[in-house]
Every structure is written in structure tokens, then in C-alpha cells.
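A structural walkthrough
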Amino acid sequence: MEFTDQLAALSTRAIKQKDIIKTEEATKNALVMPFIQALGYDVFDPSEVIPEYIADVGSKKGEKVDYAIVADGKVTMLFECKNCGSNLIDCHASQLRRYFHVTTARISVLTNGISYRFFSDLEEPNKMDEKPFMEINLLEIDPQIIP
């Protein structure tokens, strides 16, 4: 199945399920993991998608990002997930920014399962940008950003 078709199917699922998803864990299972799969990653292979990846920041131990995507043995992408019903706010991005800085990831995604905000370090190396370079909203997919 093509990425566009998978995204359309996930959009339909999100529209149907968004009001019954009540927890972050349910958001991850119903929406985020299928999104990661649509990107081409095997969510059931812990050498490729690591849930609860430890990203300790300074003296803070046990800090975990929801998912780390690994390619060629290196963390390349991070996903920080929030509950489907929650708004994504700056403090959530700050949390993800800390994880980004201590890993080899060059892309990070902040999501509530509906909105996916993609960040990188385009402005300053190894420092996550303040603003996302792309956002995908499953309830209003912009066909021009998909390619």
C-alpha cells in the first residue's frame, strides 16, 4: 500500500476514534504506531523502533522519549507522544528539545496522534529548532506536503 493510501486510512481511523481515545497509551497504539509503520518502520522490531528510549539529560536520570527510530545502529528520529485529546504546547516541545540534544537524532516529532509536528536542527547543529519544518494533521491532510 502506498504512503498516501496508508495516510488516508489512518485519517479515517483518526476521525472515527479520536473521541473515544482517552489515554496517551491508547493514542500510541491506535494512531502513532500505525503512523510510524506508514513511514516504513517495523514497530515490532526493537532494533528499528525502540519504545521508551532512555535519553538522560544531565543529572536527570530515567528520562524517556516515547519512541526512537534507529537506522544503521544510530538513533535518527524521536517521537514524543501526548494524549489524543490534548493540545500540543511549548512545554511539550521543550521536553522533546532536551531529548533531541542528547541523542544522534536529526528529526524529532511531537504528536498527539492527530497532529504530527516535525522538527530538525536546521538553524543550529544539534539544537532542535523552535518551529517545526512540517506539520501533518490527520483530520485535514494537505496533499501538497505528502511528497
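Residues numbered from 1 in each chain as written. Predicted model: local features only at pLDDT ≥ 70, side-chain atom pairs only at ≥ 80, totals over all residues. Heavy atoms only, no water.

The next subject is the sheet that holds strand 1 (residues 49-54). What holds strands together in a sheet is hydrogen bonding between their backbones, with the strands either parallel or antiparallel. Taken in spatial order, the six strands make up an open sheet running 1-2-3-4-5-6, and their pairing is mixed. The outermost strands of the open sheet, each flanked by one partner alone, are strand 1 and strand 6 (134-137). With strand direction ignored, the average angle separating the axes of adjacent strands in the sheet is 25°. Here five bridges tie strand 2 (residues 64-71) to strand 3 (residues 74-81), and the two strands are oriented antiparallel to one another. Residue pairing in the sheet places Ala71 in a bridge with Lys74 of strand 3. (Pairing = 2+ DSSP bridges. Helix = DSSP H or I, 4+ residues; strand = E, 2+ residues; numbered from the N terminus. Axes fitted to C-alpha atoms, helices over the stretch in contact; angles between N-to-C directions.)

With that out of the way, let us pick up the packing of aromatic side chains. Taken as a whole, this structure holds three aromatic pairs when the rule is applied. Clustering of aromatic rings is evident, with ring pairs tying together Phe35, Tyr116, Phe118 and Phe133. (Phe/Tyr/Trp six-rings, centres within 6.5 Å; stacked < 30°, edge-to-face > 60°.)

Let's shift gears to helix 2 (residues 24-38). With 15 residues, helix 2 extends 20 Å from end C-alpha to end C-alpha; this agrees with the ideal 21 Å at 1.5 Å per step. Bending of helix 2 peaks at approximately 35° at the position of Val32, with proline Pro34 no more than four residues after it. A positive backbone phi angle near 105° is found at Gly40, which sits one or two residues after helix 2. (Expected span 1.5 Å × (residues − 1). Bend = angle between axes of the 7 residues up to and from the residue.)

Examined against the element boundaries, Thr103 turns out to sit in the loop between helix 3 (90-101) and strand 4 (107-111). Here Ala105 takes part through its backbone nitrogen, which lies 3.2 Å from a polar atom of the side chain of Thr103. If we ignore the near neighbours within four places in the chain, the residues touching Thr103 are Tyr53, Ala55, Val75, Leu78 and Asn126. (Polar contact = N/O pair within 3.5 Å; in protein donor to acceptor, adjacent residues only side chain to side chain. Contact = heavy atoms within 4.5 Å.)

Moving on to the confidence of the model for the protein. Mean pLDDT over the protein: 89, with 95% of residues reaching 70 or higher. Across the protein, helix 2 holds the top mean pLDDT of 96, while helix 3 sits lowest at 79. (pLDDT = per-residue confidence, 0-100.)

Turning our attention to the pattern of salt bridges. Taken as a whole and judged by the stated rule, the model has 10 salt bridges. Salt-bridge contacts for Lys18 lead to Asp19; the nearest nitrogen and oxygen are separated by 3.5 Å. You can call Lys18 partly exposed: its relative accessible area is 28%. One salt bridge in this structure joins Asp66 and Lys28, with 3.2 Å as the shortest N-O distance. One end of the pair, Asp66, is in strand 2; the other, Lys28, is in helix 2, and 38 residues separate them in sequence. Overlapping salt bridges, with partners in common, bring together Glu24, Glu25, Lys28, Glu52 and Asp66 in one network. (Salt bridge = Lys/Arg side-chain N within 4 Å of Asp/Glu carboxyl O. Buried < 20%, exposed > 50% of the residue type's maximum accessible area, 1.4 Å probe, protein only.)

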